[in-house]
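Understanding the architecture of this molecule
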Amino acid sequence: MSEEKPRLSAQELLDRLEPALSLRRRVRAVATLVAGVAGALFVIGLWASEPGPLPGRTQLAFGLFTAFCLGWACYGGWLLTRRVPLFATDRVVAGWLALAASAVTTTLLVVVAVQRGEGLGVALGAGGPVVAVALALTIRAHVRRAALLRRRRELSGDEP
């Protein structure tokens, strides 16, 4: 015995096949893309305008900051080209990107503060909350994705 499924009109089917980003999400994706590109250009400009050779750790820091900015720019461009809503896996990817960038940046701030012998509290005070927020958002994204996967298994009857 077969179940009857409701028939969709051609337009409804096309609307489901080609979901567009809402205006709010497009603006966020564009802001991510622009901020990433602007940040990368700013860091590269600072790096290139140094009057003399920089120490290796400073070169590494400039390179990492540039890579993080380009990562956000790629993520924003990817969201715009996909033209679909942000899914649970996308939120997990964004969370890990934010967590990695904030953790490395905070670590670099702490290392510089320790080497100078001052400002450790400021470095931790500036970087710690950013890392905490990124960690909380990453955990929330993982929990939400796990709940959605669990619900999908329940609905499809693939329960172990």
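Preceding this section is the structure that the text describes.
So, here's what we can say about the structure.

Thresholds, definitions, all that
Residues numbered from 1 in each chain as written. Predicted model: local features only at pLDDT ≥ 70, side-chain atom pairs only at ≥ 80, totals over all residues. Heavy atoms only, no water. Helix = DSSP H or I, 4+ residues; strand = E, 2+ residues; numbered from the N terminus. Expected span 1.5 Å × (residues − 1). Buried < 20%, exposed > 50% of the residue type's maximum accessible area, 1.4 Å probe, protein only. Contact = heavy atoms within 4.5 Å. Polar contact = N/O pair within 3.5 Å; in protein donor to acceptor, adjacent residues only side chain to side chain. Patch = residues over 30% accessible without salt bridge, like charges linked within 9 Å, V, L, I, M, F, W, Y side chains within 5 Å. Areas by Shrake-Rupley, 256 points an atom, 1.4 Å probe, with all protein chains shown as cover. Salt bridge = Lys/Arg side-chain N within 4 Å of Asp/Glu carboxyl O. Lys, Arg positive; Asp, Glu negative; His and termini not counted. Charge placed at Lys NZ, Arg CZ, Asp CG, Glu CD. Phe/Tyr/Trp six-rings, centres within 6.5 Å; stacked < 30°, edge-to-face > 60°.

This brings us to helix 3 (residues 56–82). Over its 27 residues, helix 3 extends 38 Å from the first C-alpha to the last, a length consistent with the 39 Å expected when each residue adds 1.5 Å. Taken as a whole, helix 3 has its buried residues at Ala61, Phe62, Thr66, Phe68, Cys69, Ala73, Tyr75, Gly76, Gly77 and Leu79.

So, about helix 5 (residues 120–156). Along its 37 residues, helix 5 runs 53 Å from first to last C-alpha, staying within 8% of the 54 Å computed at 1.5 Å per residue. Those residues of helix 5 that sit buried are Ala123, Gly127, Ala134, Thr138 and Ala141. Those residues of helix 5 hidden inside the fold are in contact with helix 4 (88–116). The positive-phi residue at the C-terminal boundary of helix 5 is glycine 157, with phi of around 80°.

Mapping threonine 66 onto the fold places it in helix 3. Threonine 66 sits in the buried class, given a relative accessible area of 8%. Within the structure, the side chain of threonine 66 is placed 2.8 Å from the backbone oxygen of phenylalanine 62, a separation counted as a polar contact. Excluding anything up to four places from it in sequence, threonine 66 contacts Ala40, Val43, Ile44 and Trp47.

Turning our attention to a positive patch on the surface. Judged by side-chain charge, Arg24, Arg28, Arg91, Arg140 and Arg144 come together as a positively charged surface patch. Residue assignment for the positive patch shows that the elements contributing at least two residues are helix 2 (23–48) and helix 5. Inspection of the secondary structure puts arginine 140 in helix 5.

Before going further, it helps to examine the packing of aromatic side chains. Across all of its chains, the model carries three aromatic pairs by this definition. On the basis of an interplanar angle of 10° and a centroid distance of 5.7 Å, the ring pair of tryptophan 47 and phenylalanine 62 is categorised as stacked. In this pair, tryptophan 47 sits in helix 2 while phenylalanine 62 sits in helix 3, placing the two residues 15 residues apart along the sequence. Owing to a relative accessible area of 14%, phenylalanine 62 belongs among the buried residues under this scheme. Centre to centre, the rings of tyrosine 75 and tryptophan 78 are 5.8 Å apart; their planes meet at 40°, and the pair counts as tilted. Taken together, the positions of tyrosine 75 and tryptophan 78, both in helix 3 and three residues apart, correspond to about one turn of that helix. Overall, tryptophan 78 belongs to the partly exposed group, its relative accessible area being 33%.

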